[in-house]
Amino acid sequence: MELLHCTDLEKVYGRGDTAVRALDGVNLQVDRGEFVAIVGASGSGKSTLLHILASVDRPTAGTVTVDGVDLGRLDPTRAALFRRRKVGLVYQFFNLIPTLTVEKNITLPLRLDKRRPDPAALAELVGALGLQDKLQALPGQLSGGQQQRVAIARALCYRPALLLADEPTGNLDRRNTGEILDLLGLCHRSYGQTILLVTHDEELAAQADRVITLSDGRIVSDRRRG
Ligand code: ADP
Ligand code: MG
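Residues numbered from 1 in each chain as written. Chains lettered and ligands numbered in written order. Predicted model: local features only at pLDDT ≥ 70, side-chain atom pairs only at ≥ 80, totals over all residues. Heavy atoms only, no water.

K.L.:
Please explain the overall build of the chain as it appears in this structure.
P.N.:
Along its length, the chain carries eight helices and 10 strands. For a compact globule of 226 residues, the expected C-alpha radius of gyration is about 17 Å, and the chain comes in at 17 Å, within 12% of that figure. A principal-axis box enclosing the C-alpha atoms of the chain has dimensions of 50 × 40 × 35 Å. A separation of at least 24 residues holds for 71% of the contacts in the chain among residues at least 6 apart in sequence. With 29 positive and 27 negative side-chain charges, the chain shows a spacing of 7 Å between the two charge centroids. (Helix = DSSP H or I, 4+ residues; strand = E, 2+ residues; numbered from the N terminus. Rg over C-alpha atoms; globule rule 2.2 N^0.38 Å. Contact = heavy atoms within 4.5 Å. Lys, Arg positive; Asp, Glu negative; His and termini not counted. Charge placed at Lys NZ, Arg CZ, Asp CG, Glu CD.)

Written as structure tokens, this is what we have:
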């Protein structure tokens, strides 16, 4: 079943002589439950694509539909709700709020919507990510790998249709990188979570079921494993 669809997606930053064509006619379809890696050199348009899929940014041309929502038709308020409820975003730098406990960071998207986390669901998520002993800690008291796990838990607390991760291991050592990748694999297998993982590391990308390569804003290869 289809989860997302991009047609003739273009993104141009700036105008005239200094314009940069970051996406140049991207056509992409992803089914529910797929684990897709997006690779490509620095500047090839990976982050731009993720930002458009998350409704953080808008395309210059083309259409994008995620979970039945045409993102081009969202006004700013609906776009903000879409970002909070339908997608989980994980970045290289964890973007946790330093003054909030781990538990408060994880449940922030729900609390912004004045909703209470379901205790059983929260306990399961926190257990799966190995954070049960850290809930009252502050982010600064955790290792980089642990902080990234908190960021993943926050991204997943709404059970988003789509998990978008932009070089989530780019700031971690090899061991923590392995742990984060194992966790993404677990989210995929146990929760059937659809994942788009941006990485410039082909070795990490080999963990995914499907590898898409971007070059100069175009998809130049799209391979499924096995
Ligand atoms: P990647 O994530 O693959 O490194 P990006 O999507 O960040 O690539 O960038 C694609 C191209 O768009 C690059 O040439 C980059 O310099 C340019 N770009 C990205 N964001 C902006 C922006 N906000 N303003 C102008 N140019 C940008
Ligand atoms: Mg990038």
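K.L.:
Sorry, what's going on with unusual backbone geometry here?
P.N.:
Both trends apply: most residues other than glycine have a negative phi, and most peptide bonds are in trans. In this model, Asp8 sits at a positive phi of 50°, which is unusual for a non-glycine residue. Tracing the chain through its elements places Asp8 in strand β1 (residues 2–13). Positive phi, normally seen in glycine, also occurs at Ser55, with a value near 65°. Positionally, Ser55 belongs in the loop between α1 (46–53) and β4 (61–66).

K.L.:
What's the story with the site of ligand 1 in this structure? I'm lost.
P.N.:
With respect to spatial proximity, the complete set of residues near ligand 1 consists of Tyr13, Val20, Ala22, Ala41, Ser42, Gly43, Ser44, Gly45, Lys46, Ser47 and Thr48. Separating an oxygen atom of ligand 1 from a backbone N or O atom of Ser44 is a distance of 3.2 Å. In the environment of ligand 1, an oxygen atom lies 2.5 Å from a nitrogen or oxygen atom belonging to the side chain of Thr48. Taken by itself ligand 1 offers 560 Å² of open surface, and the protein chains cover 59% of this. The element that contributes the greatest number of residues to the shell around ligand 1 is α1, accounting for three residues. For the shell around ligand 1, the residue count by class is four nonpolar, six polar and one charged. (Near = heavy atom within 4 Å. Polar contact = N/O pair within 3.5 Å; in protein donor to acceptor, adjacent residues only side chain to side chain. Areas by Shrake-Rupley, 256 points an atom, 1.4 Å probe, with all protein chains shown as cover. Nonpolar A, V, L, I, M, F, W, Y, C, P; charged D, E, K, R; others polar.)

K.L.:
Looking at this structure, I do not really get the side chain of His188. What am I missing?
P.N.:
Along the chain, His188 falls in helix α7 (residues 174–191). If near-sequence neighbours (up to four positions away) are discounted, His188 is found in contact with Gly33, Glu34, Phe35, Gln193, Ile195 and Asp209.

K.L.:
Help me understand the sheet that holds strand β6 (residues 87–90), please; the structure alone is not making it clear to me.
P.N.:
The pairing of strands in a sheet comes from backbone hydrogen bonds and takes either a parallel or an antiparallel form. Ordered in space as β6-β7-β8-β3-β9-β10, the six strands form an open sheet in which the pairing is mixed. Of all the strands in the sheet, just β6 and β10 (218–224) have a single pairing partner and so form its edges. Across this sheet, the average inter-strand angle for adjacent strands is 15°, counted without regard to direction. One ladder, built from six bridges, connects strand β9 (residues 210–215) with β10; its direction is antiparallel. Within the sheet, the bridge partner assigned to Ile212 lies in β10 and is Asp222. Here helix α2 (residues 76–86) sits on the sheet in contact with β6 and β7 (162–166), set at roughly 75° to β6. Sitting on the sheet, helix α6 (residues 144–156) is in contact with β6 and β7, with an inclination near 165° to β6. (Pairing = 2+ DSSP bridges. Axes fitted to C-alpha atoms, helices over the stretch in contact; angles between N-to-C directions.)

K.L.:
Hey, could you run me through the nonpolar core in this one?
P.N.:
Soluble, globular proteins show a tendency: their nonpolar side chains are buried together. In terms of nonpolar packing, the biggest core is built from 39 residues, with Ile106, Ile152 and Leu184 touching the most fellow members. Elements supplying a minimum of two residues to this core: β3 (35–39), α3 (102–106), α5 (119–128), α6, β7, α7, β8 (194–198) and α8 (202–205). The biggest single contributor to this core is α6, with six residues. Excluding anything up to four places from it in sequence, Leu184 contacts Phe35, Ile152, Leu163, Ile195 and Leu197. (Core = buried A, V, L, I, M, F, W, Y, C linked by side-chain atoms within 4.5 Å. Buried < 20%, exposed > 50% of the residue type's maximum accessible area, 1.4 Å probe, protein only.)

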